[in-house]
2 protein chains.
Amino acid sequence: MKNKVLFIVTVIVVFLLGLLASSIVNRKNEAKYKYVPQVEISENEPRNEEWGKNFPAEYQSFLQTEQSDFASFQGGNAMRDMLEEDTRLAVLWAGYGFSKDYNQGRGHQYAVEDIHNSLRTGGPKGKGDGPMPATCWTCKSPDVPRLMNEIGVAEFYSGKWADKGEEVVNPIGCADCHDSKTMKLTITRPALVEAFESMGKDINKATHQEMRSLVCAQCHVEYYFDKKSPGNEGVPYLTFPWKNGMSVEAMEKYYDDMEFKDWTHKLSRAPMLKAQHPGYETYLTGVHADRGVSCADCHMPYKSEGGQKFTDHHIQSPLNNVANSCQVCHREDAEKLRANVYDRQQKAAESRLKLEDALVKMHVEAKKCWDLGATEEQMKAILMDIRHAQWRWDYAAAAHGASFHSPVETARVLSSGLDKATEGRVKLARLLAELGHNKPVEMPDLSSKEKAQEYIGLDMEKLNKEKEDFKENLLPKWLEAAEKREANYGSKQASVVN
Amino acid sequence: MKNKVLFIVTVIVVFLLGLLASSIVNRKNEAKYKYVPQVEISENEPRNEEWGKNFPAEYQSFLQTEQSDFASFQGGNAMRDMLEEDTRLAVLWAGYGFSKDYNQGRGHQYAVEDIHNSLRTGGPKGKGDGPMPATCWTCKSPDVPRLMNEIGVAEFYSGKWADKGEEVVNPIGCADCHDSKTMKLTITRPALVEAFESMGKDINKATHQEMRSLVCAQCHVEYYFDKKSPGNEGVPYLTFPWKNGMSVEAMEKYYDDMEFKDWTHKLSRAPMLKAQHPGYETYLTGVHADRGVSCADCHMPYKSEGGQKFTDHHIQSPLNNVANSCQVCHREDAEKLRANVYDRQQKAAESRLKLEDALVKMHVEAKKCWDLGATEEQMKAILMDIRHAQWRWDYAAAAHGASFHSPVETARVLSSGLDKATEGRVKLARLLAELGHNKPVEMPDLSSKEKAQEYIGLDMEKLNKEKEDFKENLLPKWLEAAEKREANYGSKQASVVN
């Protein structure tokens, strides 16, 4: 009996070894087939289509970022006008670019097109003109690491957005995350490297799995433009406020300590902070990060085509691709998993909208105080409550996906925002009473985006006209100049190998 | 080759079938050994030790509920004085029994002992005396279904707590959840059956897995004493407010529509609701319920002793027993899983304490308004804000485990409570200004439980004295009478079978 069992086990083991050997040979063939380079990619190559010649599967999937966006929650594929959907936002951002124009983000493929079209970048007429600094290009294109290598980092951040319009033309792509020689994931944006340094960490020690999130964290983070960066005074130097940590309180303290503000609110005159999109920071506080799941695991899961396994570069909401993302670990139905996500999002949205309502009231009530002759001294504590409450709201709202990535932390942040709002509104009620207005303050008509924008004093006709002029006159020149330049290094850089 | 593989597969299958057959025979032996009854359990048998003669493994594990409690978060085994740990609670419950005495719950084995000792049940001197109705016994003992069967449900709920002191002596146990003949899980408390009926559901259609939560839902729920129950007017009839649903809003609407209040707050005079312990309701909104995990799966996981598999009746926090509970599904380290739970609890606690602070302020500010001559009309909307804010706080606080069972829903509820608090406090600030007090209201000294209880006007010396008298005089008589009665049906009910 014992011998028989031993014999059987041996036969099985030998058979399985055979299978394994066959599999290894097949994989080797795949690899061989896959990695024969068609062209040589030069160090600063910004054109995704050049990289795509060597990596057609990755490139073709990347091109699909044209087809869908992250609008999985409310559905739909078009670019949604968030100011139209929620007119309160215009009040919250009065005096800041986002009150002019704020659409839901689209796929990476649209990065350059959308920043051309946004009213936030205004209608520059030429170099040195327009509202935004060159720093605004930083996350939009693989032309950015190219330019930084060519002219230097601080030089890149210097000057106006319009100054570099001819240079930055390729949408976010290959060279933003990959080393052109080894194809290894690489950090191309100095802000992330410097943020690690500020925390006493060395990003070069990150594991490959960590890199599968860190390449995203080059951009999907909270940041600000530091005009006091030592050695680069006056330059809006892209900086992540991570020195004290990445929690909403740690970053708030960082900004408070240096008395930084993104802008002064037009109604309340509060020294405001704009949370950009602290997606990486909030992701880190959630259970997926805790379990070692990277951004790419869900947003760029492995895919198989024609016997080749590769990373799907169609970066999108996992809800559009549950089978390859969620269901690798979770055994529930796709519909149930989606419902679970929506449930978390809806609960967060409920609290967020309550805080949003309170913030609108605070700005309008503060304006009323000023109108009634309040002094700086009387307003000081109130304005800090507004700053802190809105920072918390924005941290939760702007961190795309936070209500799913980290629903409990997001809820905690929103609760602490509501608590700040309570304090602020009680102070406002007392001050209003002192100023002779002991009753509710009349709220503006926010029944449409137009009315909200009119209320905060925006001349939308002028802004739209300026943008149209820009698109008609300057933008075509940028694109023409870029085409010429690229045609030039087309022959220089892309030499055929075989 | 093909034949050889077929031969090998056949050999393996036959071998596995042999293993299976052997396992089945062993299991049958186990079952036979287990189910030979030592005594016959009569229908109304309330004594756990009698049931224990037939089910020693279950009974012995049940006895361990003496050894630990649910204090897993902050640790420790002793009965914690929650009013001492958080003196604000006394203010929140001013005018209600919980402000006198509120200890953390202990194991089921202590159910009767703890209700004897609680200051909330006062110091009755005999039948018809004391602050609480008989209904308060409902969840404490298997003597309850016995009595209900013997005298009727409404009759059980009638009269004072002291009236049934001789009758209710066995702590929560076997007969609360099991049928004495079939041992199947069974619902012994009419309130749950009636609550299902009120929702148009039939609890008899519940699956066995649902029953593994529903037996717990007989008690671990929100409830109130309905004195207007048709046919039983005047009797404090135990009722679950589930007719509109189990969400915090649905139950609030239920109470608001009938203008029900548990008590009038002593400071603010708000018509208050006391959330009891909506553990089942909140559990249902969480991911474990969504995945079909029952209460028993985690709090009473299967256990094996001497080759017998049985349900561990040592009902306790799964954090004391991670290997048999969490790790059946979750592959992470026990320490990591515990840390994950603590993280959720801490985040909920942070928001809950913020709301608690706001509630204390609201009660004290409302008192100040009354002191300054506010009218009922001026106070009406404020008192409803207080009622609704505290109901939300209590729903999240009293639902033991809610911050783990359903952290996102708990956070949503707390946020909505903070929102109500904002509205209420702004109204209070305006009214205070109108009444000539346009500044912060002085807060009481809550640095100790004694100071807090003194502030709300409790005569603790008197309450403690009454309780001591009760324990010295009436309680021994109850226990003596019960012993006699049980000795009597001891011979009557427990006939030896073999």
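The model shown is predicted, which means the values in this text are computed figures rather than measured ones.

## Thoughts on the interface of chain A and chain B
Phase 1: At the interface, 42 residues of chain A touch 42 residues of chain B.
Phase 2: Summed over both sides, the interface of chain A with chain B buries roughly 3,800 Å², with 56% coming from carbon and sulfur.
Phase 3: Lysine 336 of chain A is paired through a salt bridge with aspartate 290 of chain B; the nearest N and O atoms lie 2.9 Å apart.
Phase 4: For the pair chain A and chain B, the number of links is 20 residue pairs in polar contact (both at pLDDT 80 or more).
Phase 5: Of all the secondary-structure elements, those providing two or more residues to the side of chain A that touches chain B are helix 1 (2-34), helix 14 (287-290), helix 16 (334-371) and helix 19 (407-434) of chain A.
Phase 6: Counting residues per element, the side of chain A that touches chain B draws most heavily on helix 19 of chain A, which supplies 18 residues.
Phase 7: Among the residues forming the side of chain A that touches chain B, the class breakdown is 16 nonpolar, seven polar and 19 charged.

## Details of the state of the cysteines
All names here are of chain A.
Phase 1: Counted under the stated rule, the structure contains two disulfides over all chains.
Phase 2: Each disulfide pairs two cysteine sulfurs, and for cysteine 139 the partner residue is cysteine 219, the sulfurs being separated by 2.2 Å. The chirality of the disulfide connecting cysteine 139 with cysteine 219 is left-handed, given an S-S dihedral of about -105°. Here cysteine 139, found in the loop between helix 6 (111-117) and helix 7 (143-151), pairs with cysteine 219, found in the loop between helix 11 (208-217) and strand 1 (224-226); they are 80 residues apart in sequence, far enough to count as distant. Each member of the pair, cysteine 139 as well as cysteine 219, carries the same accessibility label: buried.
Phase 3: Cysteine cysteine 326 is unpaired, with the sulfur of cysteine 298 as its nearest cysteine sulfur at 6.6 Å.

## As for the UniProt feature "binding site: heme c 3" (unreviewed entry) in chain A
Residues and elements named next belong to chain A.
Phase 1: Residues annotated by UniProt as "binding site: heme c 3" (unreviewed entry) correspond here to His108, Cys216, Cys219 and His220. Across 113 residues in sequence, these annotated residues keep their C-alpha atoms within 12.2 Å of one another, forming a single compact spot.
Phase 2: Looking at histidine 108, the relative accessible area reads 22%, which means it is partly exposed.

## Comments concerning the relation of the copies chain A and chain B
Phase 1: When chain A is brought onto chain B, the operation consists of a screw motion whose angular component is 180° and whose axial shift is 0.1 Å, with 0.2 Å RMSD remaining. These values place the two chain copies in the arrangement generated by a two-fold rotation axis.
Phase 2: Taken together, the interface assignments show that 100% of the residues at the interface of chain A recur at the interface of chain B, consistent with an identical surface on both copies.

## Quick look at the pattern of salt bridges
A pair can form between side chains of opposite charge whenever their charged atoms are brought close.
Phase 1: On inspection of all chains with the given rule, the structure shows 78 salt bridges over all chains.
Phase 2: Here arginine 146 of chain A and glutamate 150 of chain A are joined by a salt bridge, their closest N and O atoms 3.1 Å apart. Remark: glutamate 150 of chain A and arginine 146 of chain A occur in helix 7; sequence separation between them is four residues, near one turn of the helix.
Phase 3: On the basis of relative accessibility, which here comes to 3%, the residue arginine 146 of chain A falls in the buried class.
Phase 4: The partly exposed category is assigned to glutamate 150 of chain A, whose relative accessible area is 46%.
Phase 5: One salt bridge in this structure joins aspartate 81 of chain B and lysine 449 of chain B, with 2.6 Å as the shortest N-O distance. Residue aspartate 81 of chain B is found in the loop between helix 3 (56-63) and helix 4 (82-85), and its partner lysine 449 of chain B is found in helix 20 (residues 449-455); the two are separated by 368 residues along the sequence.
Phase 6: Take aspartate 81 of chain B: its relative accessible area is 21%, and that puts it in the partly exposed class.
Phase 7: Each member of the salt-bridge network shares a partner with another, and the members are Glu249, Glu409 and Arg412 of chain A together with Asp343, Lys347, Glu350 and Lys354 of chain B.

## Some details on unusual backbone geometry
With the exception of glycine, the majority of residues adopt a negative phi angle, and the majority of peptide bonds are in the trans configuration.
Phase 1: Even without being a glycine, glutamate 259 of chain A presents a positive backbone phi close to 50°.
Phase 2: Along the polypeptide, glutamate 259 of chain A turns up in the loop between helix 12 (248-257) and strand 3 (263-264).
Phase 3: The phi angle at methionine 183 of chain B is positive, at roughly 65°, despite the residue not being glycine.
Phase 4: Within the secondary structure, methionine 183 of chain B is located in the loop between helix 9 (174-177) and helix 10 (190-198).

## Topic: the UniProt feature "binding site: substrate" (unreviewed entry) in chain A
Residues and elements named next belong to chain A.
Phase 1: The sites that UniProt annotates as "binding site: substrate" (unreviewed entry) are Tyr223 and His277. A maximum C-alpha distance of 8.2 Å places the annotated residues, which cover 55 residues in sequence, within one compact spot.
Phase 2: You can see tyrosine 223 is positioned in the loop between helix 11 and strand 1.
Phase 3: Given a relative accessible area of 19%, tyrosine 223 falls into the buried group.
Phase 4: When residues no more than four places from it in sequence are discounted, the contact partners of tyrosine 223 are Leu238, Thr239, Phe240, Pro241, Tyr255, Gln276 and His277.
Phase 5: For histidine 277, the location among the structural elements is in the loop between strand 4 (271-272) and helix 13 (279-284).
Phase 6: On the basis of relative accessibility, which here comes to 22%, the residue histidine 277 falls in the partly exposed class.
Phase 7: If we ignore the near neighbours within four places in the chain, the residues touching histidine 277 are Cys219, His220, Val221, Glu222, Tyr223, Ala398, Ala399 and His400.
Phase 8: From its side chain, histidine 277 meets the backbone oxygen of cysteine 219 in a polar contact 3.2 Å long.

## Description of the nonpolar core
Phase 1: Judged by nonpolar contacts, the single largest core of 84 residues is most densely connected at Trp93, Met379 and Ile386 of chain A together with Trp93, Met379 and Ile386 of chain B.
Phase 2: Beyond its immediate sequence surroundings of up to four residues, isoleucine 386 of chain A is in contact with Ser268, Ala270, Met272, Leu359, Met362, His363 and Ala366 of chain A.
Phase 3: Counting residues in hydrophobic clusters, the runner-up holds 50 residues, among them Phe156, Tyr237, Met246 and Val248 of chain B.

What counts, and at which threshold
Within each chain, residue numbers correspond to sequence positions counted from 1 in written order. Chains and ligands are labelled by the order in which they are written, letters from A for the one and numbers from 1 for the other. Local features in a predicted model are, by the rule used here, given only for residues with pLDDT of at least 70; side-chain atom pairs are given and counted only at 80 or more, and totals for whole chains, interfaces and linings are based on all residues. The side-chain numbers reported here are obtained from all heavy atoms of the structure, hydrogens and water having been left aside. Whether two residues are in contact is decided by their heavy atoms, any of which lying within 4.5 Å being enough. The term buried area means the drop in 1.4 Å probe accessible area that two parts suffer when joined, counted for both and summed. Take a side-chain nitrogen of Lys or Arg and a carboxyl oxygen of Asp or Glu: if they are within 4 Å of each other, that pair is a salt bridge. Pairing of N or O atoms within 3.5 Å defines a polar contact, subject to two protein rules: one partner must be a possible hydrogen donor and the other a possible acceptor, and residues neighboring in sequence count only if both atoms are side-chain atoms. Numbered from the N terminus, helices here are DSSP runs of H or I no shorter than four residues, and strands are runs of E no shorter than two. When residue character is reported, Ala, Val, Leu, Ile, Met, Phe, Trp, Tyr, Cys and Pro are called nonpolar, Asp, Glu, Lys and Arg charged, and the others, Gly included, polar. Pairs of cysteine sulfur atoms within 2.5 Å are what we label disulfides. The cut-offs for exposure are 20% and 50% of the maximum accessible area for each residue type, with area from a 1.4 Å probe on protein chains only; residues under the lower value are buried, those over the upper are exposed, and the others partly exposed. UniProt positions are given in the numbering used here, feature names are shortened, and annotations may be inferred rather than shown by experiment. To superpose the copies, least squares is applied to the C-alpha atoms of every residue with a pLDDT of at least 70 in both. What makes a nonpolar core is a set of buried Ala, Val, Leu, Ile, Met, Phe, Trp, Tyr and Cys residues whose side-chain atoms join them at distances within 4.5 Å.

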